[in-house]
Amino acid sequence: MTLRRIAEAVVFAVVQGFTTVALAASWGGAYWVPDALAGGAVCAAALLRHRWPLAAPLAGLAVAGVSIALAVPRVVILPAQPGPGAAAGLAVLLAAVVRRLPPRPAAAVAAGGLAVAAASWLTGNSAGAGLPVVTGLNLLAWLAGVGAGLLLRERARRRRDAAAAVRLDLARELHDEVAHHVTGIVLQAQAARILARRRPGELDGALAGIETAGTEALAAMRRVVALLREGADLSDLVSRYGGPPVRLRLPPGGLRCAPAVSAVVYRVVQESLTNVTRHAPAARSVTVTVAESPSSVTVRVADDGPAAGAPAGGYGLVGMRERVEALGGTLCAGPAPSGGWAVQAVLPREAR
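A short tour of the structure in this document, coming up. The model shown is predicted, which means the values in this text are computed figures rather than measured ones.

A closer look at a nonpolar patch on the surface
Right, on to step 1. On the surface, Leu3, Ile6, Val10 and Val14 cluster together to form a nonpolar patch covering roughly 400 Å² of accessible area.
Right, on to step 2. Relative to the assigned elements, Leu3 resides in helix α1 (residues 3–26).

As structure tokens, this is what we get:
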């Protein structure tokens, strides 16, 4: 059992234990037993949700439904149900269902959870007006479970979109760099065949060109593979930049964050340097600064050129903004206070 499961089990035990003590003190006798059995069964289903993604929530709802049926006045006199322990377990089950299952079964289970929460009103055992406390507790637990599930589902979708964007970037780089070199190799090989027949003395030069193109293709392939395995190698990117001198400032020990975040940092720096070449040809220097905090990564690329920089609606900036926002970050670009143009992105350390 992982530490997370152990922590969940401890929380469930504390909630159910507190409820049991409270019931024993207020109702007396063995009235706490049915509540403890129902709450324990629902919490056990919550702990088993990873093994049985659909069966566990359905079992939890069934146990809660039976406890409600038994606790309705004039059937069996029991404390109002589902109690706090069962409500906590149902909230966790609903969050897992909404997060992971397809929309239809997730919606069906969520609707069942809402029905259980609303039905707890029948077990109020009170003639007073207003919403029973147990019903209010179950409705809040339902809202918390569904809300957390939707949030986690959206985070997972953003993570998939970000990963897809990174894969698309790598595919484009493979096509633009490696395919370009391979095409050159093919053309030069064809030319070498012709030279071998007509001008054998020039064959060595053609073969040398093929060797150079092959070496460049291997280097481009290694850069892409390194990005896949190790994340962003900003030092290598800066060293290959053909524009004005770049001053690179990295956190001590290098960049340490999720691979998807590292890849987006790489793309922001790459596209920003490309924009400097295109839109600020008079720039004398560029500063690339990457800073980390416990929760975020900030990357800033600023040049000292007199030009206004890249247009705000340029496709490069649009692509950067989409990648950054897909991970839950923010990006801003515009004239820097000290002159030139600056692009700054703030990303979470872990892709959301």
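Okay, back to it.
Looking at the environment of Asp35
Right, on to step 1. Considering the arrangement of structural elements, one finds Asp35 in helix α2 (residues 32–47).
Right, on to step 2. Sequence spacing of Asp35 and Pro84 is 49 residues, and the spatial spacing of their C-alpha atoms is 9.2 Å.

A look at unusual backbone geometry
Right, on to step 1. Following Gln81, the chain continues to Pro82 via a peptide bond in cis, the omega torsion being -10°.
Right, on to step 2. One can find Pro82 in the loop between α3 (55–71) and α4 (84–100).

A word on the pairing of strand β4 (residues 330–335)
Right, on to step 1. Summarising the sheet, β4 and strand β5 (residues 341–348) pair through 6 bridges and their orientation is antiparallel. Bridged to Cys332 within β5 is Gln344.
Right, on to step 2. Counting the residues between successive antiparallel strands, the hairpin from β4 to β5 contains 5 residues, one of them, Gly339, with a positive phi of roughly 105°.

Focus on the sheet that holds β5
Right, on to step 1. Sheet architecture is open: 5 strands sit in the order β1-β2-β3-β5-β4, paired in mixed fashion. Each end of this open sheet is capped by a strand with a single partner; those strands are β1 (246–249) and β4. Across this sheet, the average inter-strand angle for adjacent strands is 10°, counted without regard to direction.
Right, on to step 2. Relative to strand β3 (residues 296–303), helix α9 (residues 259–279) is tilted by about 10°, and along the sheet it contacts β1, β2 (286–292), β3 and β5.

Describing the nonpolar core
Side chains of nonpolar character tend, in soluble globular proteins, to be buried together.
Right, on to step 1. Within the largest apolar cluster, 33 residues are counted, with the highest numbers of intra-cluster contacts made by Val261, Val268, Val269 and Leu273.
Right, on to step 2. Going through the elements one at a time, α8 (234–239), α9, β2, β3, α10 (315–326) and β5 are the ones with two or more residues in this core.
Right, on to step 3. Considering each element in turn, this core owes the most residues, 9 residues, to α9.
Right, on to step 4. When near neighbours in sequence (up to four residues on either side) are disregarded, Val269 contacts Leu234, Leu237, Val288, Val299 and Val301.
Right, on to step 5. Core analysis: the next-biggest nonpolar cluster, separate from the first, contains 22 residues, Cys43, Ala86, Leu93 and Val109 among them.

Parameters and conventions
- Sequence order as written defines the numbering, with residues in each chain counted from 1.
- The predicted origin of the model limits local features to residues at a pLDDT of at least 70 and limits the giving and counting of side-chain atom pairs to 80 or more, whereas totals for whole chains, interfaces and linings rest on all residues.
- Calculated side-chain values reflect all of the structure's heavy atoms, with hydrogen atoms and water omitted.
- Grouping into patches uses exposed residues only, defined as over 30% relative accessible area, and leaves out salt-bridged ones; the cut-off is 9 Å for like charges and 5 Å for nonpolar side chains (Val, Leu, Ile, Met, Phe, Trp, Tyr).
- Here, Shrake-Rupley sampling with a 1.4 Å probe gives the accessible areas, and only protein chains in the shown set may cover a residue.
- Each salt bridge in this description consists of a side-chain nitrogen of Lys or Arg and a carboxyl oxygen of Asp or Glu lying within 4 Å of one another.
- By definition, any uninterrupted DSSP run of H or I lasting at least four residues is a helix, any uninterrupted run of E lasting at least two residues is a strand, and each is numbered from the N terminus.
- Between any two strands, at least two bridges found by DSSP are needed for them to pair.
- To obtain each axis, a line is fitted to C-alpha atoms, and for helices this fit is confined to the stretch in contact; angles are then taken between N-to-C directions over 0 to 180 degrees.
- Contacts between residues were defined by any pair of non-hydrogen atoms, one from each residue, lying within 4.5 Å.
- Joining through side-chain atoms within 4.5 Å is the link that ties buried Ala, Val, Leu, Ile, Met, Phe, Trp, Tyr and Cys residues into a set, and such a set is a nonpolar core.
- Working definition: with a 1.4 Å probe on protein chains only, accessible area under 20% of the residue-type maximum means buried, over 50% means exposed, and in between means partly exposed.

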